[in-house]
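Below are the chains, spelled out letter by letter.
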Amino acid sequence: MRILLLTHAFNSLAQRLWAELQGRGHVLSLEFDIADGVTEEAVAMFRPDVVVAPYLRRAIPASVWRKVPCLVVHPGIVGDRGPSALDWALQEGESTWGVTVLQAEAEMDAGPVWASVEFPLRAAKKSSVYRNEVSTAALQAVLQAIARIEGGADVPRRPLDIAGARGRLRPLMQQADRALDWSRDATETILRRIRAADGFPGVADQLFGEPCHLYDAWPEARLGGTPGALIAKRETALLRATVDGAVWIGHVKRPGSIKLPGTLAFPRQAAGVPEAPLQGWWRVPQATWQDIAYEEQGGVGFLHFEFYNGAMSTTQCTRLRAALQWARARPVRVLVLAGGQDFWSNGIHLNAIEAESLQGGSAADASWRNIEAIDDLALELITTGGQLTVAALAGNAGAGGCFLARAADLVWAREAVVLNPHYRNMGNLYGSEYWTYLLPKRLGAARAQAIMRERQPLTAQAALAAGFVDDCIAGDLPAFAEEVARRAARLAADPALAQRLADKRAARAADEAAKPLAAYREEELAQMRRNFYGFDPSYHVARHHFVHKSPASWTPRHLARHREPERRAA
Ligand code: COA
């Protein structure tokens, strides 16, 4: 089938559908939902059999849905309607939720239901549920719907005609619906409300008497104080007391600014808040905020780094490197770098870099420090000789984060993961993290260049087929964690491991003799210096638009294939 994806942004769900549908032999093109005229033009140029809309913020024009079947992915159960589907479900503590694929008609979310898939609803951040359960259910539902259309099925029933449909029309959730009352609300209520609004729009509240939106909330089991008081800070998170405990606030957005780690958003005010540090890297058993946590199981060390949005600032890279150095001295022979639940890594921290320039500093200098710090971390991993290292990707990875993963000996990815192992989308960034050493070594020079040039998202299966990852593991987050632990324990118990480690050290020494890692780094950083300090400001412009979430004004040509004459007919 010829399928046109119509979407507000090329987000993780759109990327997954793009990669999965192409992998099944469909011919895909994509247009951003910019204006009705642009959508009409895209349909006229591409002549799709069906339009699939994974993520829209407005209605599809009648001129389009009257001409070609348009399948809209709605993140709600059958009968649910409205723009805050997941927000209501999470805030009201639904135990199951779902995704419905409807055909667009005049009335929003009320057209014929081509497919629907339900799942148990996890008490987690909205963005996490979206990237995990919703994305997997949406893929299944879209595949079912397309198979039905391809098979010539009759147009199905509308939600109102489906007996027993639980869903209903809900309004846009307002900030008044999300409001927090720190003098009365229990930890559980505050967590649920902030999670239902994460990563957008956040919950409007106040910190230090200043208005701001809150994100990234974590429970605290041991500390407490006067309800509403800011009682502690740890690294970049702020701890606020509730009536029955306390909640860590990881991220904050102040009016007119961008989303930032708590203490970065309020640097002056946070200076007076007492520190509540953790000693060492061992995972704390009680609920708390711990972004880097180490544990051992079955002769294997697991290093978790739960960095919001997978973004890794200079300080986070430096701290993670210190944790890795410490873990290298532990008596384990297999070390799993487990990343976070939602992301493994998305490379350098573009918001923290932007914050430097917003506060009068140099974004170029901040970028430089960050790339040096992430390179130091990658170097630590590449030169780990005494242990077999495994990057276990439970969540997505992008740009430098992909190559940081590739710095490990083995990369295992969960099947639902999407990888973007390229940099150029960020203003033609050249990239570092030793990718010029790591990538051609795995894939050969030609394939490495193609991956960088084509800038395509890869499903875990496609990344496996391309040779970028070593294994692809099915299942949800807990099943993946269990399987990773099982396989890692098997590796650790393997009598051949000592020889494998000796071979690894010998291979590294041979590579170093052929061309030292320092030379790769120097060459990459020479290019990065031009990106950061050169006369072409593309990277700074792209970063500015990315962190300020500027709406797209055109669709990149590598996605809008209908706009490339030679590919239109393909
Ligand atoms: N620094 C800071 N924030 C980042 C980030 C980074 N490197 N990468 C992603 N984010 C943030 C996004 O701004 C977004 O924030 P939100 O909480 O306000 O929604 C959130 O993470 C999720 O990103 P999104 O783009 O919606 O996720 P996705 O899964 O749809 O797309 C990527 C994933 C990797 C394609 C995309 O996030 C991306 O291009 N990131 C930039 C990668 C990069 O260029 N890094 C620098 C070079 S190493």
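This is a predicted model, so every value here is computed, not measured. (Residues numbered from 1 in each chain as written. Predicted model: local features only at pLDDT ≥ 70, side-chain atom pairs only at ≥ 80, totals over all residues. Heavy atoms only, no water.)

### Details of the pairing of strand S17 (residues 388-393)
Taking burial as the measure, the six residues of S17 include six buried ones, the bulk of the element. Side chains of S17 alternate between two faces, with Leu 388, Val 390 and Ala 392 and Thr 389, Ala 391 and Leu 393 buried alike. Bridging between strand S15 (residues 334-339) and S17 involves four bridges; their strand directions are parallel. Pairing of Leu 337 across the sheet is with Ala 391, part of S17. Sheet analysis places S17 next to strand S19 (residues 410-414), joined by four bridges and oriented parallel. Looking at S19, one finds that Ala 392 is bridged to Trp 412. (Buried < 20%, exposed > 50% of the residue type's maximum accessible area, 1.4 Å probe, protein only. Helix = DSSP H or I, 4+ residues; strand = E, 2+ residues; numbered from the N terminus. Pairing = 2+ DSSP bridges.)

### Some details on the sheet that holds S15
Taking strand neighbours across the sheet as the criterion, the six strands line up as S13-S14-S15-S17-S19-S22 in an open arrangement whose pairing is mixed. In the strand order of this sheet, the two ends are held by strand S13 (292-297) and strand S22 (471-473), each with one partner. Direction aside, the axes of adjacent strands within the sheet are offset by 20 degrees on average. Bridge analysis of S19 against S22 gives three bridges, and the strand direction is parallel. (Axes fitted to C-alpha atoms, helices over the stretch in contact; angles between N-to-C directions.)

### What to know about the site of the ligand
The environment of the ligand is made up of 24 residues, and the closest members are Ser 12, Lys 259, Asn 309, Ile 348 and Leu 350. For the ligand, a nitrogen atom lies 2.8 Å from a polar atom in the backbone of Ile 348. Here a nitrogen atom of the ligand sits 2.9 Å away from a polar atom, N or O, in the main chain of Leu 350. Looking at the shell around the ligand, the elements that each hand over two or more residues are helix H1 (12-23), helix H11 (350-358) and strand S18 (396-398). Here the residues of the shell around the ligand sort into nine nonpolar, twelve polar and three charged. When residues of the shell around the ligand are assigned to domains, at least three fall in each of domain 1 (2-172) and domain 3 (292-536). (Near = heavy atom within 4 Å. Polar contact = N/O pair within 3.5 Å; in protein donor to acceptor, adjacent residues only side chain to side chain. Nonpolar A, V, L, I, M, F, W, Y, C, P; charged D, E, K, R; others polar. Domains from an automatic or database assignment.)

### A few points about the sheet that holds strand S6 (residues 113-120)
Spatially, six strands are ordered S2-S1-S3-S4-S5-S6 in an open sheet, and the strand pairing comes out mixed. Sheet topology places strand S2 (27-32) and S6 at the edges, where each strand pairs with a single neighbour. Each adjacent strand pair in this sheet contributes to an overall mean axis angle of 20 degrees, direction not counted. Across six bridges, strand S1 (residues 2-7) lies against S2 in parallel orientation. Across the sheet, Leu 4 pairs through a bridge with Ser 29, a residue of S2. Set on the sheet, helix H2 (residues 36-46) makes contact with S1, S2 and strand S3 (50-53); between it and S1 the angle comes to about 170 degrees. (Contact = heavy atoms within 4.5 Å.)

### A look at the domain arrangement of the protein chain
Assigned domains of the protein chain: these are domain 1 (2-172), domain 2 (180-270) and domain 3 (292-536). With centres defined by C-alpha atoms, the gap from domain 1 to domain 3 works out at 33 Å. With 14 residues of domain 1 at the contact, the number on the domain 3 side is 13 residues. Both faces considered, domain 1 and domain 3 share a buried interface measuring about 1100 Å² in area, 48% of it formed by carbon and sulfur atoms. (Buried area = accessible area lost by both parts, 1.4 Å probe.)

### Brief notes about the pattern of salt bridges
On inspection of all chains with the given rule, the structure shows 39 salt bridges. Notably, a salt bridge pairs Asp 181 with Arg 184, separated by 3.4 Å at the nearest N-O pair. Under the relative-accessibility criterion, Arg 184 is labelled exposed at 67%. The shortest N-O distance in the salt bridge between Lys 441 and Asp 511 comes to 3.8 Å. Within this pair, whereas Lys 441 is found in helix H14 (residues 435-443), its partner Asp 511 is found in helix H18 (residues 497-514), the two being separated by 70 residues in sequence. A network of salt bridges, in which partner residues are shared, links Glu 372, Asp 375, Asp 376 and Arg 521. (Salt bridge = Lys/Arg side-chain N within 4 Å of Asp/Glu carboxyl O.)

### Here we look at helix H19 (residues 517-533)
Here H19 is 17 residues long and its end C-alpha atoms lie 24 Å apart, about the 24 Å a rise of 1.5 Å per residue gives. For H19, the set of buried residues is Leu 517, Tyr 520, Arg 521, Glu 524, Leu 525, Met 528, Asn 531 and Phe 532. In the core, the buried residues of H19 are packed alongside helix H12 (363-382), H14, H18 and helix H20 (538-548). (Expected span 1.5 Å × (residues − 1).)

### Considering the side chain of Ser 432
By secondary structure assignment, the location of Ser 432 is in the loop between strand S20 (418-420) and H14. Here Asp 375 takes part through its side chain, which lies 2.7 Å from a polar atom of the side chain of Ser 432. With residues up to four places along the chain from it excluded, the contact list for Ser 432 reads Ile 371, Asp 375, Tyr 423, Glu 524, Leu 525 and Met 528.

### Some remarks on the layout of surface pockets
Of the volumes computed, that of the second largest pocket is approximately 1100 Å³. Lining the second largest pocket are 48 residues, with Trp 218, Arg 283, Glu 306, Gly 340 and Gln 341 positioned closest to its centre. At the level of secondary structure, the elements contributing two or more residues to the lining of the second largest pocket comprise strand S8 (210-220), strand S11 (245-253), S13, strand S14 (300-305), S15 and helix H17 (477-493). For the lining of the second largest pocket, the element with the most residues is H17, which contributes seven residues. Across the lining of the second largest pocket, the residue classes break down as 24 nonpolar, 14 polar and ten charged. (1 Å grid on protein atoms, 1.4 Å probe; cavity = no way out; pocket = protein on both sides within 12 Å on 5 of 7 lines; lining within 4 Å. Points joined across faces, edges and corners; volume = space filled by probe spheres on them.)

### Focus: the environment of Glu 295
The topology assignment puts Glu 295 in strand S13. With relative accessibility at 25%, the residue Glu 295 sits in the partly exposed group. With 17 residues separating them along the chain, Glu 295 and Leu 278 place their C-alpha atoms 15 Å apart. Excluding anything up to four places from it in sequence, Glu 295 contacts Trp 282, Arg 283, Val 300, Gly 301, Phe 302 and His 304. At 2.7 Å, the side chain of Glu 295 forms a polar contact with the side chain of His 304.

### What to know about the packing of H14 against H19
Between H14 and H19, whose axes approach to 8 Å, the crossing angle comes to 110 degrees. When the axis of H14 is compared with that of H19, the two are roughly perpendicular. On H19, the residues touching Trp 435, Thr 436 and Tyr 437 of H14 are Leu 517, Tyr 520 and Glu 524. The residue makeup of the contact of H14 with H19, split by class, is four nonpolar, one polar and one charged. (Parallel < 35°, antiparallel > 145°, perpendicular 65-115°, else oblique.)

### Concerning the packing of aromatic side chains
On inspection of all chains with the given rule, the structure shows 16 aromatic pairs. Note on Trp 282 and Tyr 294: the rings are 5.2 Å apart at their centroids and 75 degrees apart in plane angle, and the pair reads as edge-to-face. In this pair, Trp 282 sits in the loop between helix H9 (267-270) and S13 while Tyr 294 sits in strand S13, placing the two residues twelve residues apart along the sequence. Residue class for Trp 282 comes out partly exposed when judged on its relative accessible area of 38%. Ring geometry for Phe 403 against Tyr 423: centres 5.3 Å apart, planes inclined by 15 degrees, an arrangement best described as stacked. Remark: Tyr 423 occurs in the loop between S20 and H14 and Phe 403 occurs in helix H13 (residues 400-406); sequence separation between them is 20 residues. Residue classification places Tyr 423 among the buried residues on the basis of a relative accessible area of 5%. Through a chain of ring-to-ring contacts, three or more aromatic side chains come together here, namely Phe 403, Tyr 423, Tyr 430, Trp 435 and Phe 468. Its guanidinium or amino end placed over the ring of Trp 182, Arg 240 lies 4.2 Å from that ring's centre, counting from NZ or CZ. (Phe/Tyr/Trp six-rings, centres within 6.5 Å; stacked < 30°, edge-to-face > 60°. Lys NZ or Arg CZ within 6 Å of the ring centre and 35° of its normal.)

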